[in-house]
Amino acid sequence: SQTIHQWPATLVQPVGSPLSLECTVEGTSNPNLYWYRQAAGRGLQLLFYSVGIGQISSEVPQNLSASRPQDRQFILSSKKLLLSDSGFYLCACQDSAYGYTFGSGTRLTVV
Amino acid sequence: GESVGLHLPTLSVQEGDNSIINCAYSNSASDYFIWYKQESGKGPQFIIDIRSNMDKRQGQRVTVLLNKTVKHLSLQIAATQPGDSAVYFCAENRGFGSSARQLTFGSGTQLTVLP
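Predicted, not measured: the structure shown is a model, and the values here were computed from it.

Rules used throughout
- Residues numbered from 1 in each chain as written.
- Chains lettered and ligands numbered in written order.
- Predicted model: local features only at pLDDT ≥ 70, side-chain atom pairs only at ≥ 80, totals over all residues.
- Heavy atoms only, no water.
- Salt bridge = Lys/Arg side-chain N within 4 Å of Asp/Glu carboxyl O.
- Helix = DSSP H or I, 4+ residues; strand = E, 2+ residues; numbered from the N terminus.
- Contact = heavy atoms within 4.5 Å.
- Buried area = accessible area lost by both parts, 1.4 Å probe.
- Nonpolar A, V, L, I, M, F, W, Y, C, P; charged D, E, K, R; others polar.
- Pairing = 2+ DSSP bridges.
- Buried < 20%, exposed > 50% of the residue type's maximum accessible area, 1.4 Å probe, protein only.
- Disulfide = S-S within 2.5 Å.

Trainee: Can you tell me about the pattern of salt bridges, naming the residues and giving the values?
Mentor: Using the criterion set out here, one finds seven salt bridges over all chains in the structure. In this structure, the salt-bridge partner of A:Arg68 is A:Asp71, at a minimum N-O distance of 3.3 Å. A salt bridge links B:Arg61 to B:Asp84; the shortest N-O distance between them is 2.9 Å. Of this pair, B:Arg61 sits in the loop between strand S6 (56-58) and strand S7 (62-67) while B:Asp84 sits in the loop between strand S8 (72-77) and strand S9 (86-95), and the two are 23 residues apart along the sequence. Linked by salt bridges that have partners in common, B:Lys37, B:Glu39 and B:Lys42 make up one network.

Pasting the structure below:
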């Protein structure tokens, strides 16, 4: 089975600062990778998905971008954070034809 | 767009009782459904899944029921324990792109187990 590593676990950043969240996957090759955001008390919103190196699809227009420089590395970035970017960010790996495995998440607070 | 929604945002049950968490979905083309448990500050964890060619599936202390006629999904937890306290999400799976599949999540139900 796959193992997903996300870091950092928590992050406090000022408005206008850049962001880089990293997700790496072990135990699989050529996985489909996903970035989700979860607002407090809400469900998960899909932000980006990637089916391979350099292939990024965005589900919603936003202040964030994603990159996949290596097969098992998925990065979420922003050049200038907004207050509305605060939330719980989850990386997920598709580990079968249907199922997902989630990372432990990063709690981002923009102040 | 179509989405997965839950009937109740919160549910409180006494320890030892059975819990039933409901979910409605709107995409009749969905062929796979998953229940996740999310504890505070952690990522969602897989509980149980069911494919659209099934009506019922049982796991350890959990049962998922699927009613395709009314597009309703439920999660039953037997003999609820304090460790079951968490947010429970149902997710609907649909295909997109060449090989990726997207999960559409409901807003979640907060289950609280009372001593």
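Trainee: Tell me what's going on with the interface of chain B and chain A, and back it up with residues and numbers.
Mentor: Taken together, the 21 residues of chain B in the interface contact 22 residues of chain A. A combined buried area of about 1,700 Å² lies between chain B and chain A, and 58% of that area is made up of carbon and sulfur atoms. Where chain B packs against chain A, one counts zero salt bridges. Secondary structure elements with two or more residues in the side of chain B that touches chain A: strand S4 (32-38), S9 and strand S10 (101-105) of chain B. Looking at side-chain class alone, the side of chain B that touches chain A contains nine nonpolar, eight polar and four charged residues.

Trainee: Lay out the pairing of strand S5 (residues 45-51) of chain B with the relevant residues and their values.
Mentor: All names here are of chain B. As judged from the six bridges shared by S4 and S5, these two strands associate in the antiparallel manner. When the bridges of S5 are listed, Phe-33 appears paired with Ile-50. Between the antiparallel neighbours S4 and S5 lie six residues, among them Gly-41 with a positive phi of about 75°.

Trainee: Describe the environment of A:Leu44, listing the residues and the values that go with them.
Mentor: Secondary-structure assignment places A:Leu44 in strand S5 (residues 44-52). For A:Leu44, a relative accessible area of 8% puts it in the buried group. Along the primary structure A:Leu44 and A:Leu90 are separated by 46 residues, whereas in three dimensions their C-alpha atoms are 8.6 Å apart. Residues in contact with A:Leu44, not counting those within four places in the same chain, are A:Tyr36, A:Arg37, A:Gln38, A:Leu90, A:Phe102, B:Pro44, B:Phe89 and B:Phe105.

Trainee: Just give me the short version of the state of the cysteines, but keep the residues and values in it.
Mentor: Residue and element names in this part refer to chain A. A complete count under the given rule lists two disulfides over all chains for this structure. Paired by a disulfide, Cys-23 and Cys-91 hold their sulfur atoms 2.0 Å apart. Linking Cys-23 and Cys-91, the disulfide has an S-S dihedral of approximately -70° and is accordingly described as left-handed. Of this pair, Cys-23 sits in strand S3 (residues 19-26) while Cys-91 sits in strand S9 (residues 87-94), and the two are 68 residues apart along the sequence. With relative accessibility at 0%, the residue Cys-23 sits in the buried group.

Note that every value here comes from positions in space, so none of it alone points to a role or purpose.
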